[in-house]
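Analysis of the macromolecular model
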Amino acid sequence: MARTRVHIPALLALSAALFLTAACGTGPSSAEGGRAAGGKPVVVVTTTWEGAFAKAAGAEDIEVIVPQSVHHAPDYDPKPSDLAAVAKADFVLYAPFEPYAAKIRQAAGSKAELVEVGLDNDPDKAKAEVDRLSVLFGTRDAAAQWRGGFDAEYAKLHEELRAAWPGGASPSAVTQVFTAWSAKLAGATTVGSYGPEAVTPAQLAELSAKKPALVLDNAHMSTGTVLPDTGARQVKIVNYPGEDLDLLPVYRNAAAELKKAMGGS
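Bear in mind the structure is a predicted one, so any value in this text is a computation, not a measurement.

Details of the overall build of the protein
In terms of regular secondary structure, the protein is built from ten helices and nine strands. Residues counted as buried form 46% of the 265 residues belonging to the protein. In the protein, the proportion of contacts linking residues at least 24 apart, taken out of those at least 6 apart, comes to 59%. Surface summary for the protein: the accessible area is close to 12000 Å², and the carbon and sulfur share equals 54%.

Some details on the packing of aromatic side chains
Inspection of every chain in the model, using the stated rule, returns eight aromatic pairs. Seen in terms of ring centroids, Phe97 and Phe178 are 5.9 Å apart; in terms of plane orientation they differ by 45 degrees. Their pairing is tilted. Separated by 81 residues along the polypeptide, Phe97 in the loop between strand S4 (91–94) and helix H5 (101–108) and Phe178 in the loop between strand S6 (172–176) and helix H8 (180–186) bring together distant segments of the chain. On the basis of relative accessibility, which here comes to 35%, the residue Phe97 falls in the partly exposed class. When the ring of Phe150 is compared with that of Tyr154, the centres are 5.9 Å apart and the planes differ by 25 degrees; the resulting orientation is stacked.

A closer look at helix H7 (residues 140–163)
Over its 24 residues, H7 extends 35 Å from the first C-alpha to the last, a length consistent with the 34 Å expected when each residue adds 1.5 Å. Among the residues of H7, Ala143, Trp146, Phe150, Glu153, Tyr154, Leu157, His158 and Leu161 are the ones counted as buried. Against the buried residues of H7 lie helix H3 (48–57), helix H6 (123–137), H8 and helix H10 (248–261).

Section: the side chain of Thr175
Looking at the element boundaries, Thr175 is found in strand S6. Residue classification places Thr175 among the buried residues on the basis of a relative accessible area of 3%. Each residue touching Thr175, except ones within four places of it in the same chain, is listed here: Ala180, Ala183, Thr190, Gly192, Ser193, Tyr194 and Leu216.

As for unusual backbone geometry
Following Gly195, the chain continues to Pro196 via a peptide bond in cis, the omega torsion being 5 degrees. Tracing the chain through its elements places Pro196 in the loop between strand S7 (189–194) and helix H9 (201–209). A positive phi angle, near 50 degrees, is found at Lys211, a position not held by glycine. Mapped onto the fold, Lys211 is located in the loop between H9 and strand S8 (214–218).

Some words on the pairing of S6
Along S6, five of the five residues are buried, which leaves the element largely enclosed by surrounding structure. A two-sided burial pattern is seen for S6, the buried positions comprising Ser172, Val174 and Gln176 on one face and Ala173 and Thr175 on the other. Here S6 pairs with S7 via five bridges, running parallel. Counted as the bridge partner of Ser172 is Thr189 from S7.

A short note on the confidence of the model for the protein
As a note on interpretation, predicted positions should not be read in detail where pLDDT is low. Looking at the protein as a whole, its pLDDT mean stands at 84, while 83% of the residues score no less than 70. Within the model, pLDDT remains below 50 along residues 1–33, and this stretch shows 59 contacts once partners closer than five positions in the same chain are excluded.

Some thoughts on the sheet that holds S6
If you trace the four strands from one edge of the open sheet to the other, you get S7-S6-S8-S9, paired in parallel fashion. Only two strands of the sheet have a single partner each, and these edge strands are S7 and strand S9 (233–237). Taking each pair of neighbouring strands and ignoring which way they run, the sheet shows an average axis angle of 25 degrees. When S6 meets S8, the two strands line up parallel, connected through three bridges. Each residue of the ladder has a partner; that of Ala173, found in S8, is Leu214. Along the sheet, H10 contacts S8 and S9; its crossing angle with S9, the most-contacted strand, is approximately 175 degrees.

Description of the packing of H6 against H7
At their nearest, the axes of H6 and H7 sit 9 Å apart, and the two run at 165 degrees to each other. The angle between H6 and H7 places the two elements in the roughly antiparallel class. The handedness of the crossing between H6 and H7 is right-handed. In this structure, H6 contributes Pro123, Lys127, Val130, Asp131, Ser134 and Val135 to the contact, and H7 contributes Arg140, Ala143, Trp146, Arg147, Phe150, Asp151 and Tyr154.

Structural notes on H6
Taking 1.5 Å per residue as the helical rise, H6 with its 15 residues ought to reach 21 Å, and the 21 Å between its terminal C-alpha atoms agrees with that figure. Capping of H6 at its N-terminal end is provided by Asp122; its side-chain oxygen lies 3.1 Å from the backbone amide nitrogen of Asp124. In the segment just after H6, Gly138 is the residue with positive phi, at about 75 degrees.

Parameters at a glance
- Here the residue index of a chain counts from 1 through its sequence in written order.
- Under the rules for a predicted model, residues below a pLDDT of 70 receive no local features and side-chain atom pairs below 80 are neither given nor counted, while totals for whole chains, interfaces and linings still include all residues.
- Side-chain measures here rest on the full set of heavy atoms in the structure, leaving out hydrogens and waters.
- The helix and strand labels rest on DSSP assignments: H or I over at least four residues marks a helix, E over at least two residues marks a strand, and numbering proceeds from the N terminus.
- Only protein chains enter the accessibility calculation, which uses a 1.4 Å probe; a residue is then buried when its area is under 20% of its type maximum, exposed when over 50%, and partly exposed in between.
- Pairs of residues are marked as contacts when any of their non-hydrogen atoms sit within 4.5 Å.
- In these tables, accessible area is a Shrake-Rupley quantity obtained with a 1.4 Å probe, and a residue counts as shielded only by the protein chains included in the view.
- Each aromatic pair joins two rings of Phe, Tyr and Trp (for Trp, the six-membered one) with centres within 6.5 Å, and gets the label stacked for planes under 30 degrees apart, edge-to-face for over 60, and tilted for any other angle.
- By definition here, a helix of n residues has an expected span of 1.5 Å times n minus one.
- Two strands qualify as a pair provided DSSP detects at least 2 bridges between them.
- In predicted models, pLDDT denotes the confidence assigned by the predictor to each residue on a 0 to 100 scale.
- Each axis is a line fitted through C-alpha atoms, taken for helices only over the stretch in contact, and angles between the N-to-C directions span 0 to 180 degrees.
- Roughly parallel means an angle under 35 degrees; roughly antiparallel means over 145; roughly perpendicular covers 65 to 115; every other angle is labelled oblique.
- Less than a right angle of anticlockwise turn of the near helix away from the far helix marks a crossing as left-handed, whereas a clockwise turn marks it as right-handed.
- Distance and chemistry together define a polar contact, namely a pair of N or O atoms within 3.5 Å, with one atom able to donate a hydrogen and the other to accept it when in protein, and with adjacent residues in sequence counting only for side-chain atoms on both sides.

Below is the structure:
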């Protein structure tokens, strides 16, 4: 199986001059800087989250702009040298909530196809995005193979979490807007949500009155303890995959944290 290449430090070595050339639409031709050997697309992504979707869809040549070490990716300000990688891409993937999307669009020039990705780890939404990308990449067989493994792993984790329900009953949960998928994974009953802004006093009163057992916080946008003095167990949910661009560990890690919070082993 071909190895996915994730070039993060290497982006810094690309010249700002190349960026300016690409922005003017006079960079390498499609034959020179287009698809990698074997016809696989060259894909540039803003973060590891888009990168994981691209890998699941079957892409093998993937470059990531925002380092995985950046805790809150939308805060990153891409340098011209980072964006120079776009000149080599067949596809550039970004999310609409990323404030540097305008820079990505400018750097793409007339060659790369810009693809806005709906980043959500809800299993149905994630699989739909992977399928959509595989059609664009011409890698539908690879995406179908990934889907089979994903469905099996997700079902296994879901059943393990159901078996860990305290007293055999679905726990009630309050979720941050980007962690609703983890409540679904656990089979928890969502009684409220908050964010992306900090909880207001009115929201605090409303959510506290629901007496949730769990608060599923977004590790990338945490504002501290969400519902103090309620007895709810707060769980940090990580959305972004690691540098290996593998989505499955995101679900496994969330399941481990949820099981721990529910009193499981």
